[in-house]
Amino acid sequence: MKSWRMKDIVVMAALAVVFGIVYLLFLPVNVVMMGLVGPIGTDIIFGVWFLVSIVAAYIIQKPGIALVSETIAGIVEVLIGSSAGPIVILTAIVQGLGAEAVFAMTRYRSYHVLVLMGAGIGAAITSFIWGYFRGGFVALDPAYVVLMLVVRIISGAVISGLIGKAISEALAKTGTLTSFPLGKTYRQRKAG
């Protein structure tokens, strides 16, 4: 966090606020998904709740960004009315840790698509472990629980990793991120 610039903090916080609102708006979608296909419906869209950790980390590319952005998004979600209450903040920390761990494994030097997908998978795994103990998954058939995990992993890779990459690169194309690593990379690709 020592190397964070004020603009890193501002952009990370802005992204976290936006995604905190998005997260809250996706709760009714989650209810519909669960109503249609049962508990696994949540896992199909769960990658949405990891997006800010991937987007912010890909844009800013510094240690701690994934964890802190996800935590702030969780705080925002609670402050604007999450019916789950303050436990959402702890859940956000768990999710952020999963994504952060993958970026840390690369020593924050690689933001290739596979790393971004891996960060989504990391968040999926840590959130699933947390959910297993908190959400009563132990009462479900073990084969169904494994299927839920697999679906959540795919959701983390695709929604958080691939869609998060697309969102980040769309922002870079606007020219607003020129002082961030992703913006510089985009500018170099465009010039070359």
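The structure displayed is predicted, hence computed values, not measured ones. (Residues numbered from 1 in each chain as written. Predicted model: local features only at pLDDT ≥ 70, side-chain atom pairs only at ≥ 80, totals over all residues. Heavy atoms only, no water.)

Enquirer: What is the right way to look at the packing of aromatic side chains in this model?
Expert: Aromatic ring pairs are reported here in terms of the distance separating the ring centres and the angle at which the planes meet. Taken as a whole and assessed by the stated rule, the structure comprises eight aromatic pairs. Pairing Tyr 132 with Phe 133 gives two aromatic rings, centres 5.2 Å apart and planes at 85°, and the pair type is edge-to-face. We classify Phe 133 as exposed; its relative accessible area is 68%. With a centroid separation of 6.3 Å and 80° between ring planes, the pair formed by Tyr 132 and Phe 137 is classed as edge-to-face. Residue classification places Phe 137 among the buried residues on the basis of a relative accessible area of 12%. By way of ring pairs, the aromatic residues Phe 26, Phe 46, Trp 49 and Phe 50 are connected into one cluster. Here the guanidinium or amino end of Arg 5 rests over the ring plane of Phe 180, the centre of that ring lying 5.2 Å away. If you follow Arg 152 out to its NZ or CZ, it ends over the ring of Phe 46, 3.7 Å from the centre. (Phe/Tyr/Trp six-rings, centres within 6.5 Å; stacked < 30°, edge-to-face > 60°. Buried < 20%, exposed > 50% of the residue type's maximum accessible area, 1.4 Å probe, protein only. Lys NZ or Arg CZ within 6 Å of the ring centre and 35° of its normal.)

Enquirer: Where do I start with the pattern of salt bridges in this structure?
Expert: For side chains bearing opposite charge, pairing can occur when the charged atoms are close. A complete count under the given rule lists four salt bridges for this structure. Of the charged contacts, one joins Asp 8 and Arg 5 as a salt bridge, the two residues approaching to 2.8 Å between their closest N and O atoms. Judged by relative accessible area, which is 0%, Asp 8 ranks as buried. Among the residues examined, Arg 5 registers a relative accessible area of 28% and is labelled partly exposed. Note that Asp 8 and Lys 62 form a salt bridge whose closest N and O atoms lie 2.6 Å from each other. Of this pair, Asp 8 sits in helix α1 (residues 6-25) while Lys 62 sits in the loop between α4 (51-60) and α5 (65-79), and the two are 54 residues apart along the sequence. The network of salt bridges with common partners includes Arg 5, Asp 8 and Lys 62. (Salt bridge = Lys/Arg side-chain N within 4 Å of Asp/Glu carboxyl O. Helix = DSSP H or I, 4+ residues; strand = E, 2+ residues; numbered from the N terminus.)

Everything listed here is a matter of coordinates, which is why it stays silent on function.
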